[in-house]
Amino acid sequence: MNSIPGCVKFKESGAKASFCHIIRVQSPEGVKRITATKRETAATFLKKVAKEFGFRNNGFSVYINRNKTGEITASPNKSLNLLKIKHGDLLFLFPSSLAGPSSDMETSSSQALRAWGAPNVVEDEIDQYLSKQDGKIYRNRDPQLCRHGPLGKCVHCVPLEPFDEDYLNHLEPPVKHMSFHAYIRKLTGGADKGKFVALENISCKIKSGCEGHLPWPNGICTKCQPSAITLNRQKYRHVDNIMFENHTVADRFLDFWRKTGNQHFGYLYGRYTEHKDIPLGIRAEVAAIYEPPQIGTQNSLELLEDPKAEVVDEIAAKLGLRKVGWIFTDLVSEDTRKGTVRYSRNKDTYFLSSEECITAGNFQNKHPNICRLSPDGHFGSKFVTAVATGGPDNQVHFEGYQVSNQCMALVRDECLLPCRDAPELGYAKESSSEQYVPDVFYKDIDKFGNEITQLARPLPVEYLIIDITTTFPKDPVYTFSISQSPFPIENRDVLGETQDFHSLATYLSQNTSSIFLDIISDFHLLLFLVTNEVMPLQDSISLLLEAVRTRNEELAQTWKKSEQWATIEQLCSTVGVQLPGMHEYGAIGGSTHATSSAMWACQHCTFMNQPGTDHCEMCSLPRT
């Protein structure tokens, strides 16, 4: 008879035969079967395991029990029979980073997931903070239902888990989506503590490296073919609330629409904090809105290339801020005398159009959520979408959204298209010779009340949207100072509002506060100081940014005495605006000696001249 590879066949002489054993080995990647004999040594068996799983000799450990006890060592003297490993037994393989006895000191349930993720990535501070929190919902003793003493607990007062659906549904208003960290606690709950759960990102592309057939479109197999996608409403969300620090931030953004009637776009800069109204929730706090170059009309927006985008992100990071989302207007005036706007986005039309969902998915893919529980090192996104539109009372309302992880995957792999004549519908692409697109389905209810599965051609975008509450605080917060005569916002030349040294001089002359930090703490002013073409301060403004971030007036005064600020004042003096308290070519509160060694601007041609010269190098006219 034919022998099985790796086994000894029956001997014709009738001697005792050596039977073939099939040993199952379970790892984070799945279960594989290893062929061995009962007389085979443990060292030989472990070499077979290493070859089968693609490990080096010392890159893993194999245990007899799931709780990492009974380790099988590479001993040349012990056979599988001696170790009492029989045919059909299940062994457990752990990579070297997971080897060793289990620790009882790890109380966080996320420890079980951490092993299968990417342990080398550094998560956001808010994620690190929430992962250490208890998260349980503690309840007081019910005087009517509880029949125990003050130290006892029963079903009516025992703490609830953060993902308890009944609790979330009875909040006011009800919460449809649990927080992301509550979702993690749900995955890691139970007896196995989420031992073999991993947060895997969806892929709609053909897996590379399959050599058993010709490449697409000439061949495809079940190993490389992406799975079909059935769209489900996502049960969790990465951000649970969007909060603008104060009304001034939003009002200044809306001023563009009020003055032109054209739609407008901006990036939200702020920080992620804990949202205490929802268990283990995350809030995106908006401190400033940056408006990139764009072309807006009454019904469209076109974003232009922004050469200052990286610099803006760097300045925001030094201020302790980051890009947390994007905002756009969809406003149509209904009655100019009453100041009302049209209520156009509702359940009868749409909340986000398919094109806006694709744009949101693109932004979320560019700003992934760093997650050590995912093999890719990232999972989902915290990047939010805010819409300024008309509400049911015909006043301007701010609505917040995100798109689901499924939508992010469809957008990333270019599988989703907008419908031209129906903004509330998307369309899943069909496979072509250039691209294979997996089938996309969604579930619906027919006219008879039966649940049916439909092909996503077309697709209602409501399956892709996650709504987020958008609020303003009762007590306004001010990361930046508020002025009655604020510095102009960037890229508003169409309104006649330009950022130049004339507008800077006007701003400084109208803001005469004795506290320099209050004058300089303006997000748009700081961006101008760094990005202007005449005197960019990108290499010398770190001290000022640190002063603004920490609200340190002494640091701000130290920077004020620098040559850079003296040069800025000189440039302001050339535009014909007299700054209060400024001596001739001297810094505010300083002396002329402080600027004797600084560059100076010609009053006639504005050319920047080197220090120590009395005549302009460009026009040869005298300095004074």
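So, how was this worked out
Residues numbered from 1 in each chain as written. Predicted model: local features only at pLDDT ≥ 70, side-chain atom pairs only at ≥ 80, totals over all residues. Heavy atoms only, no water. Core = buried A, V, L, I, M, F, W, Y, C linked by side-chain atoms within 4.5 Å. Buried < 20%, exposed > 50% of the residue type's maximum accessible area, 1.4 Å probe, protein only. Helix = DSSP H or I, 4+ residues; strand = E, 2+ residues; numbered from the N terminus. Contact = heavy atoms within 4.5 Å. Salt bridge = Lys/Arg side-chain N within 4 Å of Asp/Glu carboxyl O. 1 Å grid on protein atoms, 1.4 Å probe; cavity = no way out; pocket = protein on both sides within 12 Å on 5 of 7 lines; lining within 4 Å. Points joined across faces, edges and corners; volume = space filled by probe spheres on them. Nonpolar A, V, L, I, M, F, W, Y, C, P; charged D, E, K, R; others polar. Phe/Tyr/Trp six-rings, centres within 6.5 Å; stacked < 30°, edge-to-face > 60°. Lys NZ or Arg CZ within 6 Å of the ring centre and 35° of its normal. Pairing = 2+ DSSP bridges. Axes fitted to C-alpha atoms, helices over the stretch in contact; angles between N-to-C directions. Parallel < 35°, antiparallel > 145°, perpendicular 65-115°, else oblique. pLDDT = per-residue confidence, 0-100.

## Re the nonpolar core
No. 1: Counting 76 residues, the largest nonpolar core has Leu-504, Ile-520 and Leu-529 as its most contacted members.
No. 2: The leading source of residues in this core is helix 12 (residues 523-531), at seven residues.
No. 3: Other than its neighbours up to four places away in sequence, Leu-504 contacts Phe-487, Leu-525, Phe-528, Leu-529, Ile-568 and Cys-572.

## Observations concerning the pattern of salt bridges
In a structure, side chains of opposite charge can pair up when their charged atoms sit close to one another.
No. 1: Within this structure, the stated rule accounts for 23 salt bridges.
No. 2: The salt bridge involving Arg-549 is made with Glu-546; its shortest N-O contact spans 2.7 Å. Note that Arg-549 and Glu-546 are positioned in helix 13 (residues 542-550) at a spacing of three residues, about one turn of the helix.
No. 3: Here Arg-549 falls in the partly exposed class, since its relative accessible area comes to 43%.
No. 4: When salt bridges that share partners are traced, they join Asp-124, Asp-127, Arg-322 and Lys-382 into one network.

## Details of empty space enclosed by the protein
No. 1: With the rule as written, the count across this model stands at one cavity of 30 Å³ or more.
No. 2: The volume enclosed by the largest cavity comes to roughly 120 Å³.
No. 3: Mapped by element, the contributors of at least two residues to the lining of the largest cavity are helix 3 (125-131), helix 5 (180-187) and strand 16 (368-370).
No. 4: By residue number, the principal contributor to the lining of the largest cavity is helix 5, which donates four residues.
No. 5: In terms of residue class, the lining of the largest cavity is built from five nonpolar, four polar and four charged.

## Here we look at the packing of aromatic side chains
No. 1: With the rule as written, the count across this model stands at 23 aromatic pairs.
No. 2: When the centroid spacing of 5.7 Å and the interplanar angle of 40° are considered together, the rings of Phe-363 and Phe-383 count as tilted. Of this pair, Phe-363 sits in helix 8 (residues 354-366) while Phe-383 sits in the loop between strand 17 (378-381) and strand 18 (384-390); the two residues are 20 residues apart in sequence, bridging distant segments of the chain.
No. 3: Following the ring pairs from residue to residue traces out a cluster consisting of Phe-265, Tyr-267, Trp-326, Phe-328, Phe-363 and Phe-383.
No. 4: The ring of Tyr-463 has Arg-233 lying over it, and the distance from NZ or CZ to the ring centre is 4.5 Å.

## Let's talk about the sheet that holds strand 2 (residues 30-37)
No. 1: Strand order in this open sheet of four strands is 2-1-4-3, and the pairing throughout is mixed. For this open sheet the edge positions go to strand 2 and strand 3 (60-63), each flanked by a neighbour on one side alone. For this sheet, the mean inter-axis angle between neighbouring strands, taken without regard to orientation, is 30°.
No. 2: Pairing of strand 1 (residues 20-27) with strand 4 (residues 90-95), which is carried by three bridges, proceeds in the parallel orientation. Note on strand 4: the bridge partner recorded for Arg-24 is Leu-90.

## Quick word on the pairing of strand 9 (residues 265-275)
No. 1: With nine of its 11 residues buried, strand 9 lies for the most part within the structure.
No. 2: With six bridges connecting them, strand 9 and strand 13 (residues 322-330) associate as antiparallel partners. Of the residues in strand 13, the one forming a bridge with Leu-268 is Gly-325.
No. 3: Two strands pair when backbone bridges link them, and strand 9 and strand 10 (residues 281-290) are joined in this way by nine bridges, in the antiparallel orientation. Considered in strand 10, the bridge of Glu-274 is made with Ile-282.
No. 4: Hairpin geometry of strand 9 and strand 10 is characterised by an intervening segment of five residues between the two adjacent antiparallel strands and by a positive phi of about 55° at Leu-280.

## With respect to the packing of helix 8 against helix 9 (residues 405-412)
No. 1: Taken N-terminus to C-terminus, the directions of helix 8 and helix 9 make an angle of 90°; their axes are 8 Å apart at the nearest point. In terms of axis orientation, helix 8 runs roughly perpendicular to helix 9. Residue-level inspection shows Cys-357, Ile-358, Gly-361, Asn-362, Gln-364 and Asn-365 of helix 8 in contact with helix 9, the latter providing Cys-407, Met-408, Val-411 and Arg-412.
No. 2: In the contact of helix 8 with helix 9, the residues fall into five nonpolar, four polar and one charged.

## Description of helix 9
No. 1: Judged by how many residues are buried, helix 9 sits mostly within the fold: seven of eight residues are covered.
No. 2: The set of residues buried in helix 9 consists of Asn-405, Gln-406, Cys-407, Met-408, Ala-409, Leu-410 and Val-411.
No. 3: Immediately downstream of helix 9, the backbone of Glu-414 shows phi near 55°, a positive value.

## Overview of the side chain of Ser-404
No. 1: Positionally, Ser-404 belongs in the loop between strand 19 (396-403) and helix 9.
No. 2: In contact with Ser-404, not counting residues within four places along its chain, are Gln-234, Tyr-463, Leu-464 and Ile-466.

## Details of the confidence of the model for the chain
No. 1: Across the chain, pLDDT averages 84, with 88% of residues at or above 70.
No. 2: Across residues 8-18 the pLDDT falls below 50, and counting only partners more than four positions away or on other chains, this stretch makes seven contacts in the model.
No. 3: Within the model, pLDDT remains below 50 along residues 582-596, and this stretch shows 29 contacts once partners closer than five positions in the same chain are excluded.

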